[in-house]
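Observations on chain architecture
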Amino acid sequence: MAGGLRDGGLDDETLQQLRSRATQLLLKENWSEYIAVCSQIIDAVAASDDRRVLCSALAHRADARARLGDAAGALADCDAALAADPAHHGALLSKGTILRGLGRYALAADCFRAAAGCGGGGADGARELVEQCRHLESQARSGAVDLSDWVLSGFAGKCPDLAEYVGPVEVRRSAHGGRGVFAIKNVEAGSTLMIAKAVAIGRGVLQDTADGGEKMVVWKDFVDKVLDAAEKCPRTAALVHTLSTGEEQQDQLVVPEMALFRQEAGDLDLSDATNVVTDKGAQAVLDVDRILKVLDVNCLTEDAPAADVLGNNGVVNCGVGLWILPSFINHSCQPNARRTHVGDHAIVHASRDIKAGEEITFSYFDVLVPVSKRREASSAWGFECKCDRCRLESDDFVLKQEILKSEKDLVSEGDMGALVVRLEEKMRKSMVKERRKAFLRASFWSAYSTLYDSDKLVRKWGRRVPSEALVAESIVDAVGGNESILKAMLRGARDANACSNRLEVEDKVVRIGRATYGKVVKRHAMRALFRLALDDNNNINL
Ligand SMILES: C[S@@+](CC[C@H](N)C(=O)[O-])C[C@H]1O[C@@H](n2cnc3c(N)ncnc32)[C@H](O)[C@@H]1O
């Protein structure tokens, strides 16, 4: 390079200036400017034979593009760097990281293995990354997640990295409306059905007094992130495209292939999916209006009745997100699934035993309330719930008068013990079967829990009311596990401990714990979750 001038026309001094500028932008995390400076370096040295500078600029631009969600552009940069130097350590690490983020664990492990093979200081780190990929790959196949250590550490540090998983489920046409998710084999309560990573999440710390304006800020941030993700990633755009806008005829909604939700190794052909955004027809459909409608129908909140958040330590109290496969799950007032949110992942598990062929359902709203309240809630969602429980409770000629009277008594807030005793006696005299009994107990759960909360009322009504543990168990069998019932079971079990078989009681509590949180923690860690659930005063939100 005569006189410091490189073949591509960039002299050493200019290159040095561009590098300093890039470092400043990197420190400021100004990724778009950083990409522009990397591009200047790449363009300038592309014509020269300075492979070293070219490859590191490509690898750096790949990292920045990946940070902005442009996985396709980032991978193209890595491939260009590796074409020039197949053993480029930085490009191998970048490519591995991007592939890991896309759920291509085996391919990512290959990159990290090659990076470890390059020797040098980072070999141990690269080998550790290979191990992480192996672990994630096996989790993506089995769905087996163990969060026990993290729970026992008090959720210290970053939340565990999880892989997406599609369990024994399939999207089919549903009697509830449009498409729904169905079990394709028998599933035990607590078993994981799917693990989905959010397309985007909007989160905010809102005071109880927060007005609509603050919530709008969180919502807007969320919408922007979804639009950005759909724009950057063709696969995401294609997946969002499968979701309902709420305006289609239910029978015209297309049932998507399950393969769409799986990120199998080896099928990384982004050009296929790119057609979704480059094809003019599809791009016109995937416009902002459409995405807003899709979000209205499909987004989920982390503080929903069907959800628990692990590890937020009460700090974030408003989280709204889009998780694609869970969006196909319909509502039922006798739901059989719940979700546990861990970072950006939603782990959906069976909240009671599910038979092969049964539809998987969440509760979209509180279902521990009488049928009239549930009707109001479902009509606010824009549908009429026709689940078995709603049908049985609305059409129950024998108990109709009793249900109406009990609903009035709930509102008047009289003696809840009297309500419970009357309802139980009526059910006993009418020889109501266990399942229907459990439905009604669930509908009037607020009366039962007010009664059990009051020592005075429990003493007053004594043996005329069933035990808290017995009622909790019957409700869980009918409408699945949830925190409110779990807390009752824990309290009931504590009272029952003195006179019952301790192990039997603990087994029942753990069973309800699994129905509530899933089998994501071992027994000893489950106890830590129980302590948090019971600790009403320390404000820790599970
Ligand atoms: C998140 S989507 C669920 C998937 C949707 N069925 C589909 O085909 O895309 C929510 C929408 O599904 C329909 N839905 C969910 N649960 C329902 C139920 N129990 N009865 C009738 N419609 C229901 C409603 O139209 C609701 O707005």
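All values derive from a computational prediction rather than experimental measurement. (Residues numbered from 1 in each chain as written. Predicted model: local features only at pLDDT ≥ 70, side-chain atom pairs only at ≥ 80, totals over all residues.)

What follows deals with the packing of helix α6 (residues 105–117) against helix α7 (residues 123–142). The interhelical angle for the contact between α6 and α7, taken along N-to-C directions, is 165 degrees, at an axis separation of 8 Å. For the element pair α6 / α7, the angle class is roughly antiparallel. Like other packed secondary-structure pairs, α6 and α7 cross with a definite hand, here left-handed. Contacts between α6 and α7 involve Tyr-105, Ala-106, Ala-108, Ala-109, Phe-112, Arg-113, Ala-115 and Ala-116 from the first element and Ala-123, Ala-126, Arg-127, Leu-129, Val-130, Cys-133, Arg-134, Leu-136, Glu-137 and Ala-140 from the second. Across the contact of α6 with α7, the residue classes tally to 14 nonpolar, no polar and four charged. (Axes fitted to C-alpha atoms, helices over the stretch in contact; angles between N-to-C directions. Helix = DSSP H or I, 4+ residues; strand = E, 2+ residues; numbered from the N terminus. Parallel < 35°, antiparallel > 145°, perpendicular 65-115°, else oblique. Left-handed = near helix turned anticlockwise from the far one by under 90°. Contact = placed C-beta atoms within 7 Å. Nonpolar A, V, L, I, M, F, W, Y, C, P; charged D, E, K, R; others polar.)

On to the site of the ligand, then. The ligand sits among 19 residues. The nearest are Gly-177, Gly-178, Arg-179, Ser-244 and Asn-330. Elements supplying a minimum of two residues to the shell around the ligand: β3 (179–183), α13 (288–298) and β9 (330–331). Each residue belonging to the shell around the ligand can be placed in one class, and the counts come to six nonpolar, 12 polar and one charged. Both domain 2 (165–362) and domain 3 (382–534) contribute no fewer than three residues apiece to the shell around the ligand. (Near = placed C-beta within 6 Å. Domains from an automatic or database assignment.)

Right, let's talk about the domain arrangement of the protein for a bit. Parsing the protein into structural domains produces domain 1 (2–142), domain 2 (165–362) and domain 3 (382–534). Across the contact, 20 residues belong to domain 2 and 23 residues belong to domain 3. When contributions to the side of domain 2 that touches domain 3 are tallied by element, the ones reaching two or more residues are β10 (337–342) and β11 (345–350). Its residues assigned to classes, the side of domain 2 that touches domain 3 shows five nonpolar, 12 polar and three charged.

What follows concerns the sheet that holds β9. Strand order in the open sheet made by the four strands is β2-β3-β12-β9, with mixed pairing throughout. Both outer strands of the open sheet, β2 (169–173) and β9, are each paired with one neighbouring strand and no more. (Pairing = 2+ DSSP bridges.)

Our next topic: the sheet that holds strand β5 (residues 200–204). Here three strands make up an open sheet; going across it, the order is β5-β8-β6 and the pairing antiparallel. Only two strands of the sheet have a single neighbouring strand rather than two, namely β5 and β6 (300–301). The sheet contact formed by β6 and strand β8 (residues 318–322) spans two bridges and is antiparallel. Of the residues in β8, the one forming a bridge with Leu-300 is Gly-321.

We now examine the environment of Gly-177. Looking at the element boundaries, Gly-177 is found in the loop between β2 and β3. The class of Gly-177 is partly exposed, set by 18 C-beta atoms lying within 10 Å. Linking Gly-177 and Phe-383, residues 206 residues apart in sequence, is a C-alpha distance of 8.8 Å. Excluding its chain neighbours within four sequence positions, the residues that come into contact with Gly-177 are Gln-250, Asn-330 and Phe-383. (Buried ≥ 20, exposed ≤ 12 C-beta atoms within 10 Å, placed from the backbone.)

Turning our attention to helix α3 (residues 51–67). An ideal rise of 1.5 Å per residue puts 24 Å on 17 residues; α3 measures up with 24 Å between its terminal C-alpha atoms. Extensive coverage of α3 is indicated by the burial of 12 of its 17 residues. The complete set of buried residues in α3 reads Leu-54, Cys-55, Ala-57, Leu-58, Ala-59, His-60, Arg-61, Ala-62, Asp-63, Ala-64, Arg-65 and Ala-66. Contact partners of the buried residues in α3: α2 (31–46), α4 (71–84) and α5 (89–101). The first or second residue beyond α3 is Gly-69, which carries a positive phi of 85 degrees. (Expected span 1.5 Å × (residues − 1).)

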